[in-house]
Amino acid sequence: MSDNPWLAALTTLFMWWFSTGVILWRVRVADNGTAQDHLNSVIIGLPLLAIGFAAANASLPDLSANGIYLAFLAALALWAWIELAFLSGIITGPNRAPCPAFISPTDRFWHAVGTIAWHELTLILTLTALGIASLHAANPFAFGTFALLFVARVFAKLNLFLGVPRINTHFLPRPLSHLASYFRIGRITAFFPLSVSALTVGSALLLERAINVTHPSMSVGYALLTCLCLLALLEHWFMVLPLPDEKLWRWMIPARKTLNLTPQKDQLEDANGL
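Quick caveat: nothing in here was measured; it's all calculated off a predicted structure.

## Describing the overall build of the protein chain
Turning to step 1, where the next piece is worked out: Secondary structure summary: the protein chain contains 10 helices and 0 strands in total.
Turning to step 2, where the next piece is worked out: Counting from the amino terminus, helix and strand elements in the protein chain follow one another as α-α-α-α-α-α-α-α-α-α.
Turning to step 3, where the next piece is worked out: Oriented by its inertia axes, the alpha-carbon framework of the protein chain measures out at about 60 × 40 × 35 Å.
Turning to step 4, where the next piece is worked out: Pairs at least 24 apart in sequence give 78% of the contacts found in the protein chain among residues at least 6 apart.
Turning to step 5, where the next piece is worked out: When the accessible surface of the protein chain is totalled, it reaches about 13700 Å², and 71% of it is carbon and sulfur.
Turning to step 6, where the next piece is worked out: Computed over 16 positive and 14 negative side-chain charges, the separation of the two mean positions in the protein chain equals 6 Å.

## With respect to empty space enclosed by the protein
Turning to step 1, where the next piece is worked out: Counted under the stated rule, the structure contains 1 cavity of 30 Å³ or more.
Turning to step 2, where the next piece is worked out: Here the largest cavity is characterised by a volume of approximately 40 Å³.
Turning to step 3, where the next piece is worked out: Around the largest cavity sit Leu24, Val27, Arg28, Asp31, Phe171, Pro173, Ile253 and Arg256, which together line it.
Turning to step 4, where the next piece is worked out: Residues belonging to the lining of the largest cavity are distributed by class as follows: 5 nonpolar, no polar and 3 charged.

## Notes on helix 5 (residues 105-133)
Turning to step 1, where the next piece is worked out: In this model helix 5 runs 39 Å from its N-terminal to its C-terminal C-alpha over 29 residues, within 8% of the 42 Å that 1.5 Å per residue would give.
Turning to step 2, where the next piece is worked out: Roughly 60° is the biggest bend found in helix 5, and it falls at Ile116.
Turning to step 3, where the next piece is worked out: Listed in full, the buried residues belonging to helix 5 are Arg108, Ala112, Gly114, Thr115, Ile116, His119, Glu120, Leu123, Thr126, Leu127, Leu130 and Gly131.

## Overview of the pattern of salt bridges
Turning to step 1, where the next piece is worked out: Applying the stated rule across the entire model yields 3 salt bridges.
Turning to step 2, where the next piece is worked out: Where Asp31 meets Arg256, a salt bridge forms, and the shortest distance between an N and an O atom there is 2.8 Å. Taken together, the residues span a long stretch of sequence, with Asp31 in helix 1 (residues 5-31) and Arg256 in the loop between helix 9 (247-250) and helix 10 (263-272) at a distance of 225 residues.
Turning to step 3, where the next piece is worked out: The closest approach of N and O atoms between Lys157 and Glu120, which form a salt bridge, is 2.1 Å.

## Things to note about unusual backbone geometry
Turning to step 1, where the next piece is worked out: You will see that Phe102, though not glycine, has its phi angle at about 60°, which is positive.
Turning to step 2, where the next piece is worked out: Its location among the elements puts Phe102 in the loop between helix 4 (65-87) and helix 5.
Turning to step 3, where the next piece is worked out: Owing to a relative accessible area of 87%, Phe102 belongs among the exposed residues under this scheme.

## Things to note about the confidence of the model for the protein chain
Turning to step 1, where the next piece is worked out: On average, the protein chain scores 89 in pLDDT, and the residues at 70 or more come to 93%.
Turning to step 2, where the next piece is worked out: This model gives residues 261-274 a pLDDT under 50, and the stretch forms 17 contacts once residues within four places in sequence are excluded.

## What about the environment of Phe183?
Turning to step 1, where the next piece is worked out: Following the sequence through the fold, Phe183 ends up in the loop between helix 6 (141-162) and helix 7 (191-212).
Turning to step 2, where the next piece is worked out: The partly exposed category is assigned to Phe183, whose relative accessible area is 23%.
Turning to step 3, where the next piece is worked out: Spatially, the C-alpha atom of Phe183 lies 6.9 Å from that of Gly163, the residues being 20 residues apart in sequence.
Turning to step 4, where the next piece is worked out: Dropping the residues within four chain positions of it, Phe183 is found in contact with Arg108, Leu160, Ile167 and Thr169.

## Remarks on the nonpolar core
Turning to step 1, where the next piece is worked out: If you look at the biggest cluster of nonpolar residues, it comprises 52 residues, and the most contacted ones within it are Trp81, Phe141, Phe146, Leu199, Tyr222 and Leu224.
Turning to step 2, where the next piece is worked out: Elements with a minimum of two residues in this core: helix 1, helix 3 (46-59), helix 4, helix 5, helix 6, helix 7 and helix 8 (216-238).
Turning to step 3, where the next piece is worked out: If near-sequence neighbours (up to four positions away) are discounted, Phe141 is found in contact with Leu63, Ile68, Ala71, Met218, Gly221, Tyr222 and Leu225.
Turning to step 4, where the next piece is worked out: By size, the runner-up hydrophobic cluster in this structure holds 11 residues, among which are Phe86, Ile116, Leu172 and Leu179.

Thresholds, definitions, all that
- Residues numbered from 1 in each chain as written.
- Predicted model: local features only at pLDDT ≥ 70, side-chain atom pairs only at ≥ 80, totals over all residues.
- Heavy atoms only, no water.
- Helix = DSSP H or I, 4+ residues; strand = E, 2+ residues; numbered from the N terminus.
- Contact = heavy atoms within 4.5 Å.
- Areas by Shrake-Rupley, 256 points an atom, 1.4 Å probe, with all protein chains shown as cover.
- Lys, Arg positive; Asp, Glu negative; His and termini not counted.
- Charge placed at Lys NZ, Arg CZ, Asp CG, Glu CD.
- 1 Å grid on protein atoms, 1.4 Å probe; cavity = no way out; pocket = protein on both sides within 12 Å on 5 of 7 lines; lining within 4 Å.
- Points joined across faces, edges and corners; volume = space filled by probe spheres on them.
- Nonpolar A, V, L, I, M, F, W, Y, C, P; charged D, E, K, R; others polar.
- Expected span 1.5 Å × (residues − 1).
- Bend = angle between axes of the 7 residues up to and from the residue.
- Buried < 20%, exposed > 50% of the residue type's maximum accessible area, 1.4 Å probe, protein only.
- Salt bridge = Lys/Arg side-chain N within 4 Å of Asp/Glu carboxyl O.
- pLDDT = per-residue confidence, 0-100.
- Core = buried A, V, L, I, M, F, W, Y, C linked by side-chain atoms within 4.5 Å.

And the structure:
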């Protein structure tokens, strides 16, 4: 593939939009079916996991543009399957209940951790495996891509928990409807400016590396990561600015079917805006 960093930036933008849309589409289709459909989605997606690990391993000795694109796509494949498993309610955490009312901030935090514990552990184990494999490898970009996605996601989850003005629950699937009770809509906390500052500095440092590296293919790798970091920064600003970000994917997502729910579940979905 080309060593053109602009092509790398466009590739990142397209993959961010397209892969997010495909996952949201599949989860909504399963949501409109049965609980078994969510499990089927994860099983059908297992080739993504296998291909991701195989492609990441194949990319390690190859620092050409092809090798770097392969590493980048491998990390995205691994991330996509784990996110599909999470949004399908298969790999989440031991706590699947809404947040109890009138609990202390500390208890609220640990209840929230319980809702995503197995998901976070899966991400950490995958990140660790990629890190160990990349220790002495020529091409570290599978690890770099996954690490950047992981850090940005941790920032986002903490901001949703601590409080931000805008939280879009429109795409929250039924198996995760309880998560909305752990979000806090309100004024930003001190953690938000720290998050966006870290992502801004990270984007600048990655851009500097993309410009100044001597190996032409390395510039492609850092261009991919720069664009990915900027997209993570944009997603954080979506939590604050009144931008209709859901319109990026709403047109391709099927309408949610009305299910016969218990009154308690109906009230919960009404509260979550689903």
